[in-house]
Amino acid sequence: MMRLDKYLSEAGVASRKELRAMIKGGRVQVDGETVRSPELRIDEEAAEVLVDGSPVRLPGIVVLMLHKPAGYVTSTDDPRDPTVMELLPPEYRDLFPVGRLDKETEGLLLFTNDGPLCHALTSPKHQVEKEYYAETQGEVDGADADAFRAGMELRDGTKCLPAELRKGERGCYVTVREGKYHQVRRMLAARGKPVLYLRREKEGSLELGSLPLGHTRLLTEEETTALLGQV
Ligand code: URA
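What you see is a predicted model, and the numbers here were worked out from it, not measured in a lab.

Rules and cut-offs
Residues numbered from 1 in each chain as written. Predicted model: local features only at pLDDT ≥ 70, side-chain atom pairs only at ≥ 80, totals over all residues. Heavy atoms only, no water. Near = heavy atom within 4 Å. Polar contact = N/O pair within 3.5 Å; in protein donor to acceptor, adjacent residues only side chain to side chain. Areas by Shrake-Rupley, 256 points an atom, 1.4 Å probe, with all protein chains shown as cover. Helix = DSSP H or I, 4+ residues; strand = E, 2+ residues; numbered from the N terminus. Nonpolar A, V, L, I, M, F, W, Y, C, P; charged D, E, K, R; others polar. Buried < 20%, exposed > 50% of the residue type's maximum accessible area, 1.4 Å probe, protein only. Pairing = 2+ DSSP bridges. Patch = residues over 30% accessible without salt bridge, like charges linked within 9 Å, V, L, I, M, F, W, Y side chains within 5 Å. Salt bridge = Lys/Arg side-chain N within 4 Å of Asp/Glu carboxyl O. Lys, Arg positive; Asp, Glu negative; His and termini not counted. Charge placed at Lys NZ, Arg CZ, Asp CG, Glu CD. Core = buried A, V, L, I, M, F, W, Y, C linked by side-chain atoms within 4.5 Å. Contact = heavy atoms within 4.5 Å.

Caption draft 1: Representation of the site of the ligand. As a matter of local geometry, the ligand sits amid Leu 101, Asp 102, Thr 105, Tyr 132, His 182, Gln 183, Val 184, Arg 185 and Leu 198. Backbone polar atom of Gln 183 to an oxygen atom of the ligand: 3.4 Å apart, as the coordinates give it. Here Arg 185 contributes a backbone N or O atom positioned 3.0 Å from an oxygen atom of the ligand. Relative to its free-state accessible area of 230 Å², the ligand is covered by the protein chains to the extent of 94%. The greatest single-element share of the shell around the ligand, amounting to three residues, is contributed by helix α5 (residues 183–190). Residues that form the shell around the ligand fall into these classes: four nonpolar, three polar and two charged.

Caption draft 2: Quick look at the pairing of strand β10 (residues 130–136). Counting buried positions along β10 yields seven of seven residues, so the element is predominantly enclosed. The side-chain alternation of β10 yields two buried faces, one formed by Lys 130, Tyr 132, Ala 134 and Thr 136 and the other by Glu 131, Tyr 133 and Glu 135. By the bridge criterion, five bridges tie β10 to strand β12 (residues 172–176) in an arrangement that is antiparallel. If you follow Ala 134 over to β12, its bridge partner there is Cys 172.

Caption draft 3: Examining a negative patch on the surface more closely. On the surface, Asp 31, Glu 33, Asp 43, Glu 45 and Glu 48 cluster together to form a negatively charged patch. Take Asp 43: it is sitting in the loop between β4 (41–42) and β5 (49–51).

Caption draft 4: Region of interest: the nonpolar core. Judged by nonpolar contacts, the single largest core of 31 residues is most densely connected at Phe 111, Phe 148, Leu 165, Val 174, Met 187 and Leu 188. Secondary-structure elements contributing two or more residues to this core are β7 (63–68), β9 (106–112), β10, α4 (142–150), β12, α5 and β13 (195–203). What Val 174 contacts, discounting residues up to four positions off in sequence, is Lys 130, Glu 131, Tyr 132, Phe 148, Glu 164, Leu 165, Val 184 and Leu 188. Within the second largest apolar cluster, 16 residues are counted, among which are Ala 14, Ile 23, Ile 42 and Val 49.

Caption draft 5: Local environment of the environment of Ser 123. The residue Ser 123 is located in the loop between α3 (115–122) and β10 in this model. Residues Ser 123 and Gly 179, spaced 56 residues apart in sequence, show a C-alpha to C-alpha distance of 8.8 Å. There is a polar contact of 3.0 Å between the side chain of Ser 123 and the backbone nitrogen of Lys 125.

Caption draft 6: Spatial organisation of the side chain of Glu 106. On the secondary structure map, Glu 106 appears in strand β9. Within the buried set, Glu 106 has no salt-bridge partner at all; the shortest N-O distance to an opposite charge, 5.0 Å, is to Arg 199. For Glu 106, the side chain forms a polar contact with the side chain of Tyr 197, separated by 2.6 Å. If we ignore the near neighbours within four places in the chain, the residues touching Glu 106 are Lys 68, Pro 69, Ala 70, Leu 101, Tyr 197, Leu 198, Arg 199, Arg 200 and Leu 213.

Caption draft 7: Looking closely at the pattern of salt bridges. Counted by the stated rule, this structure contains 25 salt bridges. For the salt bridge of Arg 27 with Asp 52, the shortest nitrogen-to-oxygen distance reads 2.7 Å. Residue Arg 27 is located in the loop between α2 (16–24) and β2 (28–30), and its partner Asp 52 is located in the loop between β5 and β6 (54–55); the two are separated by 25 residues in the primary sequence. On the basis of relative accessibility, which here comes to 38%, the residue Arg 27 falls in the partly exposed class.

Caption draft 8: A look at the pairing of β9. Of all the seven residues making up β9, seven are buried; the element is thus mostly covered by neighbouring parts of the structure. Strand direction decides the pairing type here: β7 and β9, joined by six bridges, are antiparallel. Its bridge partner being in β9, Leu 64 is matched across the sheet by Phe 111. Alignment of strand β8 (residues 96–97) against β9, held across two bridges, turns out to be antiparallel. What sits directly across from Phe 96, in β9, is Thr 112. Here β9 runs beside β13; their pairing, made up of two bridges, is parallel.

Read these as spatial facts, not as claims about activity.
If you want it as structure tokens, here you go:
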């Protein structure tokens, strides 16, 4: 059983606050009856819910993409810093982040309501590719690319899987298949090229594309299906 306002919010109809007004205004029917109580508990698997006469169903797996700005920590709760949750539309704040980006890293960060998908995307077993754009102090060169390809050892002895390093027009592009703590920063620092700016641009089949900084978008069904096929 689930509260009617929660059901409609999870179905993406409107924000919790707007929904209360819609329900009180008589725009919502449950099993053929107009209902006016947002707290009404309904059977989310069996109830027929209509809004303005159109059926509304709960989505299955929800995946949201955020273009994370610098200055936000990837956490659902933090005593000091603003968290990425503050950047999500209110109706998506019960999703959880998939992996993490450092406070100062920008770029593609996913959120989902699906535990197994989250686990699969972050598990070392699946080796999902992640591509980063980095600007460094000092230009990367062929020797750096060779070291990345061979599988680097970090300053504390941590061993990394083989990775790709490609020089771009301005910065460079790094592709890794794991997600160790501060990995890209530590790999480049180990080559004497400390990172000045870092942005994740791709994760598996997904690309940040032209999503503006600080904005979110839901993945389409095709994108979600493709993502599930990779893990
Ligand atoms: N590597 C890093 O160093 N930082 C990130 O946020 C992600 C990958």
